[in-house]
Amino acid sequence: DVGFDPLRISDYVPMDYLREAELKHGRICMLATVGWIVVDTGMRVSPVPAGLEGLTAATAHQASVAQGGLGQVFGWIALAEMVSWIGISQMLQGSGRAAGDFGFDPMGFNKNKTEAQTAAMKLKEVKNGRLAMLAFSGICTQSVLFDKTFPF
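Scope of this entry: the structure provided in the associated data block.

About the cut-offs
Counting from 1, residues in each chain are numbered in the order their sequence is written. Note on the predicted model: pLDDT of at least 70 is required for a residue's local features to be given, and 80 or more for side-chain atom pairs to be given and counted; whole-chain, interface and lining totals, by contrast, use all residues. The side-chain values count all of the structure's non-hydrogen atoms but skip hydrogen atoms and water molecules. Basic side-chain nitrogens of Lys or Arg form a salt bridge, by our definition, when they fall within 4 Å of a carboxyl oxygen of Asp or Glu. Here the term buried applies to any residue with accessible area under 20% of the maximum for its type, exposed to any over 50%, and partly exposed to those in between, with areas from a 1.4 Å probe on protein chains only. Only rings of Phe, Tyr and Trp enter the pairing, Trp through its six-membered ring, and a pair is recorded when the two centres are within 6.5 Å. The plane angle decides the type: under 30 degrees is stacked, over 60 is edge-to-face, the rest tilted. Helical segments are the DSSP runs of H or I of at least four residues, strand segments are the runs of E of at least two, and each set is numbered from the N terminus. Definition used: whenever NZ (Lys) or CZ (Arg) falls within 6 Å of the ring centre and also within 35 degrees of the ring normal, the charge is taken to sit over that ring. Whether two residues are in contact is decided by their heavy atoms: any pair within 4.5 Å suffices. Multiply 1.5 Å by the residue count of a helix minus one, and that product is the helix's expected span. Here a cavity denotes grid points, spaced 1 Å and computed from the protein atoms alone, that fit a 1.4 Å probe unable to get out, and a pocket denotes an open set having protein on both sides within 12 Å along at least 5 of 7 lines; residues with an atom within 4 Å of a point are the lining. Grid points are joined across faces, edges and corners, and a volume is the space filled by probe spheres set on the points. All amino acids are sorted into three groups, where Ala, Val, Leu, Ile, Met, Phe, Trp, Tyr, Cys and Pro are nonpolar, Asp, Glu, Lys and Arg are charged, and the leftover types, Gly among them, are polar.

Considering the pattern of salt bridges
Under the criterion given, the structure shown has 6 salt bridges. Put simply, Arg8 and Asp11 hold a salt bridge, and the shortest N to O gap is 2.8 Å. For Arg8, a relative accessible area of 53% translates into the label exposed. A cluster of three or more residues bridged by salt bridges with shared partners is formed by Arg19, Glu22 and Arg130.

A short note on the packing of aromatic side chains
For the coordinates displayed, the defined rule picks out 2 aromatic pairs. On the basis of an interplanar angle of 80° and a centroid distance of 5.7 Å, the ring pair of Trp36 and Phe136 is categorised as edge-to-face. Residue Trp36 is located in helix H1 (residues 15–40), and its partner Phe136 is located in helix H4 (residues 115–146); the two are separated by 100 residues in the primary sequence. Given the relative accessible area of 21%, Phe136 is considered partly exposed. One residue, Arg97, lies across the ring of Phe102, its end atom 4.5 Å from the ring centre.

Re the side chain of Ser143
Structurally, the position occupied by Ser143 is in helix H4. Given a relative accessible area of 3%, Ser143 falls into the buried group. Setting aside residues no more than four positions away along its own chain, Ser143 makes contact with Trp36, Ala58, Lys148 and Phe152.

Observations regarding H1
Helix length check: H1, at 26 residues, gives a terminal C-alpha distance of 37 Å against a target of 38 Å (1.5 Å per residue), a fit within 8%. Among the residues of H1, those classed as buried are Glu20, Leu23, Gly26, Cys29, Thr33, Trp36 and Asp40. The secondary structure elements touched by the buried residues of H1 are helix H2 (57–67), helix H3 (70–92) and H4. A positive backbone phi angle near 95° is found at Gly42, which sits one or two residues after H1.

Focus: the layout of surface pockets
What the largest pocket holds in volume is close to 1,400 Å³. Those elements giving two or more residues to the lining of the largest pocket turn out to be H1, H3 and H4. When grouped by side-chain class, the residues that make up the lining of the largest pocket number 18 nonpolar, 5 polar and 14 charged. Here the second largest pocket defines a volume of roughly 510 Å³. Lining the second largest pocket are 18 residues; nearest its centre among them are Val39, Leu52, Ala60, His61 and Ser64. Going through the elements one at a time, H1, H2 and H3 are the ones with two or more residues in the lining of the second largest pocket. Looking at the lining of the second largest pocket residue by residue, the classes come out as 13 nonpolar, 4 polar and 1 charged.

In short, geometric facts, not functional conclusions.
Structural data, given as structure tokens:
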């Protein structure tokens, strides 16, 4: 927290909740930015379902809705949100859990790190998440407005 809150939202909403939301949206946008670029460059996971061949990331949404595949995506996201709310509610009730920390580190990025190194990694994640949120917004806008694929 560097104190930047020009709309004074943190006067009405707990700061831990705001940080949790920022980290969640940043992580999603980091994945979404890479995913959009991967699809636009032609990479696919085989087998591609019928009706989804040759689509760009911008046109895949409508085709996926028509096919019915996004219902499953919605279901899995809803399940993940419900499960994550348990940790968020415990954090807001004073459990000591840090915002965004689900104890999931399979690659061991935070093993054997000092407090300063861990704090630096957390700051990098927040900054990269903010950049990814802007990048994904720009990619969507460029792709839809100018009907172009990556690179724009």
